[in-house]
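If you want the building blocks of each chain, they are given just below.
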Amino acid sequence: MAVEEQRTGSRVSRPEIRLVRRGFTDPAQAVRLLAGPGLEGLADDPVLLDALGATADPDLALLGLARLLEGADETERHTLRDTLTTSKPLRDRLLGVLGASTALADHLARHPHDWHALVTFELRDMHPGPEDFRRALRQGMAAHTAGSRADALRVAYRRCLLAIAARDLTGTTDLAQTAAELADLAGATLQTALELAAEEDPEAAGACRLAVIGMGKCGGRELNYVSDVDVIFVAEPQEGVDEHEALKAATRLAAALTRLCADTTGEGTIWPVDANLRPEGRNGPLVRTLASHQAYYQRWAKTWEFQALLKARPVAGDAELGAAYLAALEPMVWQAAARENFVTDVQQMRRRVIDSIPVTELDRQLKLGPGGLRDVEFSVQLLQLVHGRTDPALRSGNTLEALAALSRGGYVGRADAASLDAAYRFLRSLEHRIQLHRLRRTHLMPTGQEDLRRLARSLAPLINDDTRADPVAALQREWKRHAVEVRRLHEKLFYRPLLDAVAELPTGATGLTPDAARARLEALGYADPAAALRHLTALASGVSRKAAIQRTLLPVLLGWFADSADPDAGLLNFRQVSDALGRTPWYLRLLRDESAAAEQLARVLSAGRLAPDLLLRAPEAVAMLGDPQGLAPRGRPALEQEILAAVGRADSAAAAVAAARSVRRRELFRTAAADVLGRLGDDPAEALDAAGEALTALNAATLQGALRACTAAWEARNGDLPTRIAVIAMGRFGGRELGYGSDADVLFVHEPWLGSLEQDAARAAQAVCHELRTLLSGPSTEPPLVVDADLRPEGRNGPLVRTLASYTAYYRRWSHAWESQALLRAEPVAGDPELGERFRQLIDPLRYPGAGVPERDVVEIRRIKARIEAERLPRGADPTTHTKIGRGGLADVEWTVQLLQLQHGHELPALRTTRTRPALAAAAAAGLIGAEDAAVLDAAWVLASRVRSAVMLVRGRPGDSFPGDARELAGVARYLGYGAGHSGELVDDYRRTTRRARAVVERLFYG
């Protein structure tokens, strides 16, 4: 159908129709330009129009050509027109540049004669090197007589850049050659700038030898069109010159070089010279001697600094000194993987990259985003550091060369290497085209349709899709395809070859030897690589369906384990769970089809001992991870209903309590897994409260079921129980603040039924409660629930169970201040609810005395607290890190809050709670404690409680102090939100938080 309307609504002429068909988007402007100065007579030239239509942006190419012809003199214009119409190579190169880069079009408009660069030496020699570029820069500077020598250098640089871009855009060179030429041009520019600096300061040049070491992409000969050029300066004094004076001279030369390249003038900046990769970064001296560099790297350098040295290459200055620098430092690079903190440093590097990406740019980042260039480079460099120790063939600073060497050596499968190579070339080409448009440093995909259309047309030969119908959509599909492939291979590269090494798979994937496999596991953080290989062999060997699925899962699982504090434990636990459930169809199907379930399992299995130990006793609990609501805490009604039903089906008290303990073990895993995975709340205090509620509800339901079972067993032997029993929770149990390692502190109270003898009732209650405690804490495959009744009247010397009347008489005559304090956290949790409520009414006047607390009782409470601090701290324990009794720990905060409750609870109903944090908040709201002091105490209590929970989760047994083992401490730190290598920060933060809390306690509690 004929084109009838432009976007403006006007009728379209026949010439405009021809232009639209050739890809012009603004044919009216194109017609005007073709009729303008310099282009007259070319409007009907189909060869020129076709060439314009083949460019990335025909409108941009025509506009640039018109500006070039307009700026040229008559002779130059005539020569250029003749060449355009008679020389296809020149026409394609020039129009290709003009259609892709407004920045280079601007340069040609200012310097029309520079179009000759497209037919001079750079094109005759298809592989120019540093010397060719140095000669071209000098010739270009000699031809540019206007302005300063710095301006002449900039003009000459752009002239060389024009030639590189022309070959790139016409497909004469591939990505690797283009990037190498850009790096060589950068080296030649640095050399020329250094020579200019030496001419300006001959005294400095005569005092020192200065070498410029290219780093990053410049060093690796894989530079972008627009990039900071990373360098390191190394200098030595000339014979007879003092070292200090020589370094001052070298610093002047280095600063002058940097200024010549980076200063902005009318001709623009070449690029910034970045020397921040030098020892000590921007805080270190700009120039050092070779000996100083050696001393720094031997003593102080971090792993990332050795990784940066992978790409070090002398690019300018004294060649002999540059070679000496490489010879001195290269051996250190290939020992970096053996450093003690190698894995930690690598993980920190990965996190720094991820954290540096603004959220708004994450989906547009070609370099740092998921599936971006940095993923490829990081993968290749890490494999080089691990295996390059023993294989010199891997020691290349160029990403694509190193990837090819890894493939030839069998460290990466051939198909994977080819796929990664293709993805890297596409992503770098895309990055090049984006930067080339305005010669600006960016790694973001544009969002405008015109920019995307230009990119798509420019990259059409690299897109495995038909770009004619919708070039933008084709580009987006190709980009996403490569990004997904990079993400997949980034996860796979480290781990798949490990499986190939142990699983006796067909040859062709990799040739990783057992020694190389152990080296890779060790570098990834596995403390016992030999054991890890045995586990992999057991999991992945064979031809069964189970082994095949495991081989699919393990590459990703191994990566998740490696990101944890204890990869060895994660892999071992996974093997044990798989051994138990490997023949269960739903288990492998769950992990294969539900990636979230597999990741959650990996995180749980490698987060410590408690959750895996609970899971290994009944591996079918893995099914919870596949249910979106599977880890949601269950309330007490649902728990109690299930436990009582299980108890009712048992034929003995022992079997009934065992069933209750089995439910408790499964629910403990549910809570622990949800906690480890951060499913209990985003705020740490919120998550702590949720865990305390869940554990309290679980223990209360378990006690209720055990009491029902022991009562039924007694009645089966003796007839109806002559009394009713209530269980009163105390301590953290009563406060609904239980941790994973907490005992269940309780009081037992009973009341004989009317007509029953008190002596018979007491014996029956004693028997039931004793059996309950024995069955809940006895040896079993299920975790014990220790029921501690030591807070009862007269402690261990008093009867286990008392009547309500006996409690009344005791508290009236014999009760001490500390007992009133302990009763602040008493809460009925099981047994007869009416009896439990009457016990609450009995103790309320004791814990909330109407006249307040007598001064003598306050003095007694303070004395007891001081005695506990002095006598109860375990031998050798650090009082600054003991979470319970130590400075600013749980006891400090709880005793301070409880004293306020004893003193003011009778007049302030909000203080009448068994929970610490609500009581503290009520005290602050009532003005009994300042808001800032309350916040300090709350932060210390929350942190100390979380540390105790973390210790139990990581070690599998309770503890009140930070673990001494480094891996366990790292696990505690991970649970508390600290990254790898930051365990020391956790301890420092804890000491700082509790020190502030102790200051508040000294003032408020001790007065």
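Residues numbered from 1 in each chain as written. Predicted model: local features only at pLDDT ≥ 70, side-chain atom pairs only at ≥ 80, totals over all residues. Heavy atoms only, no water.

Visitor: Any chance you could break down the overall build of the protein for me, citing the residues and the numbers?
Guide: Looking only at helices and strands, the protein has 45 helices and 10 strands in total. Relative to the 2.2 N^0.38 estimate, which gives 30 Å for 1007 residues, the radius of gyration of the protein is 38 Å and therefore markedly larger than a compact globule would have. Taken over the C-alpha atoms alone, the protein extends approximately 125 × 80 × 60 Å along its principal axes. Counting all 1007 residues of the protein, 56% fall into the buried class. Long-range pairs, those at least 24 residues apart, make up 72% of the contacts in the protein with a sequence separation of at least 6. Of the roughly 42,300 Å² of accessible surface on the protein, a fraction of 51% belongs to carbon and sulfur atoms. (Helix = DSSP H or I, 4+ residues; strand = E, 2+ residues; numbered from the N terminus. Rg over C-alpha atoms; globule rule 2.2 N^0.38 Å. Buried < 20%, exposed > 50% of the residue type's maximum accessible area, 1.4 Å probe, protein only. Contact = heavy atoms within 4.5 Å. Areas by Shrake-Rupley, 256 points an atom, 1.4 Å probe, with all protein chains shown as cover.)

Visitor: Give me the lowdown on the packing of aromatic side chains, citing residues and values where you can.
Guide: Under the defined criterion, the tally for this structure stands at 10 aromatic pairs. Both rings, one in Tyr807 and one in Tyr811, keep their centres 5.9 Å apart while their planes meet at 25 degrees; by these two values the pair is stacked. Residue Tyr807 and its partner Tyr811 are both found in helix 37 (residues 804–813); the two are separated by four residues, about one turn of the helix. With respect to class, Tyr807 is no different from Tyr811; both count as buried. A centroid spacing of 6.4 Å and a plane angle of 75 degrees characterise the contact between Trp895 and Phe1005, whose relative ring orientation is edge-to-face. Of this pair, Trp895 sits in helix 41 (residues 890–904) while Phe1005 sits in the segment after helix 45 (983–1004), placing them 110 residues apart in sequence. Like Phe1005, Trp895 is buried. Among the aromatic side chains, those forming a connected cluster through ring pairs are Tyr807, Tyr810, Tyr811 and Phe839. (Phe/Tyr/Trp six-rings, centres within 6.5 Å; stacked < 30°, edge-to-face > 60°.)

Visitor: Describe the pattern of salt bridges, naming the residues involved and giving the relevant values.
Guide: For the structure shown, the criterion picks out 69 salt bridges. Two residues, Asp421 and Arg425, come together in a salt bridge whose shortest N-O distance is 2.6 Å. Taken together, the residues Asp421 and Arg425, both in helix 21 (residues 414–438) and four residues apart, mark about one turn of the helix. According to the relative accessible area criterion, Arg425 is partly exposed, its value standing at 26%. Taken together, the shared-partner salt bridges in this structure form one network comprising Arg634, Glu642, Arg666, Glu667 and Arg670. (Salt bridge = Lys/Arg side-chain N within 4 Å of Asp/Glu carboxyl O.)

Visitor: Break down helix 15 (residues 290–299) for me, with residues and values.
Guide: All buried positions along helix 15 are accounted for by Leu290, His293, Tyr296 and Tyr297. The arc that holds every buried residue of helix 15, seen down its axis, measures 125 degrees, which confines them to one face. Those residues of helix 15 that are exposed and angled more than 90 degrees off the buried face are Ala291, Gln298 and Arg299. Check the buried side of helix 15 and you find it contacts strand 2 (229–237), strand 4 (287–289), helix 16 (303–309) and helix 17 (319–333). (Arc of directions from axis to C-beta.)

Visitor: Could you give me a rundown of empty space enclosed by the protein, with the residues and numbers involved?
Guide: Enumeration over the complete set of coordinates arrives at five cavities of 30 Å³ or more. Counted as a void, the largest cavity has a volume near 70 Å³. Lining the largest cavity are Leu175, Ala176, Ala179, Arg221, Glu222, Asn398, Leu400, Tyr424 and Arg428. Of all the secondary structure elements, the ones that give two or more residues to the lining of the largest cavity are helix 11 (175–200) and helix 21. Here the lining of the largest cavity is built from residues that sort into five nonpolar, one polar and three charged. (1 Å grid on protein atoms, 1.4 Å probe; cavity = no way out; pocket = protein on both sides within 12 Å on 5 of 7 lines; lining within 4 Å. Points joined across faces, edges and corners; volume = space filled by probe spheres on them. Nonpolar A, V, L, I, M, F, W, Y, C, P; charged D, E, K, R; others polar.)

Visitor: Residues and numbers for the layout of surface pockets, please.
Guide: One way to see where empty space is left: roll a probe the size of a water molecule over the atoms. Here the second largest pocket is characterised by a volume of approximately 1,400 Å³. Along its surface, the second largest pocket is lined by 37 residues, and Leu791, Ile868, Arg872, Lys884 and Trp895 are the ones closest to its centre. Of all the elements in the fold, those that place two or more residues in the lining of the second largest pocket are helix 35 (731–734), helix 38 (817–823), helix 40 (855–871) and helix 41. Top element by residues in the lining of the second largest pocket is helix 40. It accounts for eight residues.

Visitor: Which residues make up the packing of helix 7 (residues 102–110) against helix 21, and what values do they have?
Guide: Helix 21 packs onto helix 7 with a crossing angle of 35 degrees between their chain directions and a minimal axis gap of 4 Å. Counted together, Thr102, Ala103 and Leu104 of helix 7 and Leu436, His437 and Arg438 of helix 21 form the full contact between these two elements. Of the residues that constitute the contact of helix 7 with helix 21, the class distribution is three nonpolar, two polar and one charged. (Axes fitted to C-alpha atoms, helices over the stretch in contact; angles between N-to-C directions.)

Visitor: An account of unusual backbone geometry is requested, with residue identities and associated values reported.
Guide: Phi at Arg221 takes a positive value of approximately 55 degrees, unusual for a residue other than glycine. The residue Arg221 is located in the loop between helix 13 (216–219) and strand 2 in this model. Note on Arg221: relative accessible area 33%, which makes it partly exposed.

Visitor: Could you give me a rundown of helix 27 (residues 545–562), with the residues and numbers involved?
Guide: Along its 18 residues, helix 27 runs 26 Å from first to last C-alpha, staying within 8% of the 26 Å computed at 1.5 Å per residue. If you look at helix 27, its biggest bend is around 40 degrees, right at Leu554, and the proline Pro555 turns up within four residues after that. Listing the buried residues of helix 27 in full gives Ala547, Ile549, Gln550, Arg551, Leu553, Leu554, Pro555, Leu557, Leu558, Gly559, Phe561 and Ala562. (Expected span 1.5 Å × (residues − 1). Bend = angle between axes of the 7 residues up to and from the residue.)

Visitor: Could you give me a rundown of the side chain of Arg661, with the residues and numbers involved?
Guide: Structurally, Arg661 is set in helix 33 (residues 653–676). The side chain of Arg661 is buried and forms no salt bridge, while Glu782, the nearest opposite charge, is found at 6.6 Å. Excluding residues within four positions of it along the chain, Arg661 makes contact with Leu775, Leu776, Ser777, Gly778, Ser780, Glu782, Pro783 and Pro784. (Lys, Arg positive; Asp, Glu negative; His and termini not counted.)

Visitor: Residues and numbers for the pairing of strand 6 (residues 723–729), please.
Guide: Taking burial as the measure, the seven residues of strand 6 include seven buried ones, the bulk of the element. Looking at chain direction, strand 6 and strand 7 (residues 744–752) are connected through seven bridges and run antiparallel. Residue pairing in the sheet places Ile725 in a bridge with His750 of strand 7. When strand 6 meets strand 10 (residues 827–831), the two strands line up antiparallel, connected through four bridges. When the bridges of strand 10 are listed, Ile728 appears paired with Pro828. (Pairing = 2+ DSSP bridges.)

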